[in-house]
Amino acid sequence: YRPSQKVLALSNVFCSNESLLVRCGQCTEYAFRSSWYWRHPGSGKIHVLVPHWGHRACSVRLGKKCPWLIEGGTPQKND
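Residues numbered from 1 in each chain as written. Predicted model: local features only at pLDDT ≥ 70, side-chain atom pairs only at ≥ 80, totals over all residues. Heavy atoms only, no water.

Asks: In this structure, what is going on with the overall build of the chain? I would like to understand it.
Replies: Summing up its helical and strand segments, the chain has two helices and five strands in all. The order of α-helices and β-strands along the chain, N terminus first, is α-β-β-β-α-β-β. Whereas a compact globule of 79 residues would reach a radius of gyration of roughly 12 Å, the chain reaches 13 Å, a difference of no more than 12%. In terms of overall dimensions, the chain has a C-alpha envelope of 35 × 25 × 20 Å along the principal axes. A buried classification covers 32% of the 79 residues belonging to the chain. (Helix = DSSP H or I, 4+ residues; strand = E, 2+ residues; numbered from the N terminus. Rg over C-alpha atoms; globule rule 2.2 N^0.38 Å. Buried < 20%, exposed > 50% of the residue type's maximum accessible area, 1.4 Å probe, protein only.)

Here it is as structure tokens:
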């Protein structure tokens, strides 16, 4: 996974050597790894970046956005 150029241009977005497993919260079969993170400008808390639309196939099938599950419970930030 790689965020858009617009997201990558943000000063608080960075890439790390550590990637986290991201799974669809509905089917749990679809998964990918993300090594892109966002640092909150006030608190400094780190969030893993994920696609804002959720898992497209499950979202279309169910008619609603399906959230992501992040390995280790790391907080997420939609791109």
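This is not the end of the story, as more comes after the structure.
Asks: Which parts of the structure should I look at to understand the packing of aromatic side chains?
Replies: A ring pair, where both rings are aromatic, is described by two values, the distance of the centres and the angle of the planes. Taken as a whole and assessed by the stated rule, the structure comprises five aromatic pairs. Their ring planes at 25° and their centres at 5.8 Å tell us that Phe14 and Tyr37 sit as a pair that is stacked. Here the residue Phe14 occupies a position in strand 1 (residues 13–24), and Tyr37 occupies one in strand 2 (residues 31–39), the gap between them amounting to 23 residues. Residue Phe14 is classed as partly exposed on the basis of its relative accessible area of 24%. (Phe/Tyr/Trp six-rings, centres within 6.5 Å; stacked < 30°, edge-to-face > 60°.)

Asks: What is the right way to look at the sheet that holds strand 3 (residues 46–50) in this model?
Replies: What holds strands together in a sheet is hydrogen bonding between their backbones, with the strands either parallel or antiparallel. The strand order across the open sheet built from five strands is 4-1-2-3-5, with neighbouring strands paired in mixed fashion. With partners counted over all chains shown, the strands left at the sheet margins are strand 4 (68–70) and strand 5 (76–78), one partner each. For this sheet, the mean angle separating the axes of adjacent strands, direction not counted, is 50°. Relative to strand 2, strand 1 runs antiparallel, the two sharing seven bridges. Bridge pairing links Cys15 to Trp36 in strand 2. (Pairing = 2+ DSSP bridges. Axes fitted to C-alpha atoms, helices over the stretch in contact; angles between N-to-C directions.)

Asks: How should the nonpolar core be read in this particular structure?
Replies: In summary, soluble globular proteins display a tendency toward joint burial of nonpolar side chains. Judged by nonpolar contacts, Leu20, Val22, Cys24, Phe32, Tyr37, Val48, Val50, Cys58, Cys66, Trp68 and Ile70 together constitute the single largest core of 11 residues. Among the elements that take part in this core, strand 1 stands out by supplying three residues, more than any other. Excluding its chain neighbours within four sequence positions, the residues that come into contact with Cys58 are Cys24, Gln26, Cys27, Lys64 and Cys66. Formed by six residues, the second largest nonpolar core is a distinct cluster that contains Leu8, Val13, Trp38 and Leu49. (Core = buried A, V, L, I, M, F, W, Y, C linked by side-chain atoms within 4.5 Å. Contact = heavy atoms within 4.5 Å.)

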